[in-house]
Amino acid sequence: MEKRRCEPALYFDTGDCIKSGNLAIPLRQEPAWDLLHFAGCDASVLGNRETHVLQSAFQAKIAGHKQPMLCANLRLKSGKRPLAESLIFERAGLKIGVFGIMVPMVTDRMKTQAASAYLWDPPLETARRIVGALIGEVDLVIALTHIGHKKDLELAEFCPEIDVILGGHSHTILEEPLKVNKTWICQGGSHGRYIGRYEWENGVLSGGLLAMDRL
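Residues numbered from 1 in each chain as written. Predicted model: local features only at pLDDT ≥ 70, side-chain atom pairs only at ≥ 80, totals over all residues. Heavy atoms only, no water.

Some thoughts on the nonpolar core
Counting 21 residues, the largest nonpolar core has L46, F58 and L74 as its most contacted members. Those elements that provide at least two residues to this core are α1 (32–39), α2 (55–62), β4 (74–76) and β7 (118–120). Looking at this core, the element that brings in the most residues is α1, giving four residues. If you look at the next biggest cluster of nonpolar residues, it comprises 20 residues, including L124, V141, L155 and C159. (Core = buried A, V, L, I, M, F, W, Y, C linked by side-chain atoms within 4.5 Å. Buried < 20%, exposed > 50% of the residue type's maximum accessible area, 1.4 Å probe, protein only. Helix = DSSP H or I, 4+ residues; strand = E, 2+ residues; numbered from the N terminus.)

Here you go:
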């Protein structure tokens, strides 16, 4: 992986970048974290691969990450949020609010919640709460999601204040951004085959996917 960015660019990852599966526990630090750091990743959202129902296993999975990891709908049963919900970046004179939500792995309605250290809140309702706090503080709202393309479409309708959704989980390939009302939705496939390069100007998101083997 090479560095292919310049200021004022931002680089985000939308989850499932590690090798360990949902219930697997890595025996050593996942190599993806060093690669993301080398590439200059500014923030990422958890994917299902990066989570675990056991607290020690979850910490083992994310051990070594250097970029901020966001997930607003993940909480310990105590109510504590193990990761940041959102961040604000300043680039090219804009304040950019970025937050993360992921697919719920264990909810308080599931029987499996008894064996889990963590619970996941509904992602769309969580997004509305976070966006409500960001509006008025930022010029641009970006959602890093790992809920799948179908849910991204629902999110754009449910929370129209979001300007850009950068999504993962469903392995959907959107060669160009898809616009739903005023929200732009991007999805980059899977297995590191593509990288999305986008430009924001006056409410318009241009650009699209680039095949990694052609860079």
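Some words on the sheet that holds strand β8 (residues 140–146)
Taken together, the six strands give an open sheet; going across it, the order is β5-β6-β8-β9-β11-β10, and neighbouring strands pair in mixed fashion. Two strands close off the open sheet at either side, each with one partner strand: β5 (86–91) and β10 (178–180). Going across the sheet, the axis of each strand differs from the next one's by a mean of 25°, ignoring polarity. In this sheet, strand β11 (residues 183–187) lies alongside β10 in antiparallel orientation, the contact comprising three bridges. Bridged to V180 within β11 is T183. Across the sheet, helix α3 (residues 123–134) touches β5, β6 (94–102) and β8, and the angle it forms with β6 is around 160°. (Pairing = 2+ DSSP bridges. Axes fitted to C-alpha atoms, helices over the stretch in contact; angles between N-to-C directions. Contact = heavy atoms within 4.5 Å.)

Notes on the pairing of β11
Looking along a regular strand, one sees the side chains alternate between the two faces of the sheet. Along β11, five of the five residues are buried, which leaves the element largely enclosed by surrounding structure. A two-sided burial pattern is seen for β11, the buried positions comprising T183, I185 and Q187 on one face and W184 and C186 on the other. Pairing geometry for strand β9 (residues 164–167) and β11, over four bridges, is parallel. Residue V164 lies in a different strand from β11, and its bridge partner there is W184. From the end of β10 to the start of β11, which pair antiparallel, there are two residues, and N181 there has a positive phi angle of about 55°.

Section: the pattern of salt bridges
What the rule picks out here adds up to eight salt bridges. Between D121 and R75 there is a salt bridge; the shortest N-O distance is 2.8 Å. With D121 in the loop between β7 and α3 and R75 in strand β4, the pair connects residues that are 46 residues apart, well separated along the chain. Here R75 falls in the buried class, since its relative accessible area comes to 16%. In this structure, the salt-bridge partner of E85 is R81, at a minimum N-O distance of 3.7 Å. The partly exposed category is assigned to R81, whose relative accessible area is 27%. Through salt bridges with shared partners, a single ionic network connects R75, R81, E85, D121 and R129. (Salt bridge = Lys/Arg side-chain N within 4 Å of Asp/Glu carboxyl O.)

Topic: the sheet that holds strand β2 (residues 43–45)
A sheet is described by the order of its strands in space; here three strands give the open sequence β1-β2-β3, paired in parallel fashion. Strands at the two margins of the open sheet, each flanked by one partner only, are β1 (12–13) and β3 (69–70).

Brief notes about the packing of aromatic side chains
The tally for this structure, following the rule as stated, stands at three aromatic pairs. Here the aromatic rings of F58 and Y118 are separated by 5.1 Å at their centres, their planes lie at 65°, and the arrangement is edge-to-face. Here F58, found in helix α2, pairs with Y118, found in strand β7; they are 60 residues apart in sequence, far enough to count as distant. Of the two residues, F58 and Y118, both sit in the buried class. Here the aromatic cluster, defined as three or more aromatic residues joined through ring pairs, consists of F58, Y118 and W120. (Phe/Tyr/Trp six-rings, centres within 6.5 Å; stacked < 30°, edge-to-face > 60°.)

So, the pairing of β6
Counting buried positions along β6 gives seven out of nine residues, so the element sits mostly inside the fold. Two elements, β5 and β6, share six bridges in a ladder whose sense is antiparallel. Paired with S86 across the two strands is F99, which belongs to β6. Direction of pairing for β6 relative to β8: parallel, over a ladder of seven bridges. Looking at the pairing, I101 lines up with T145 of β8.

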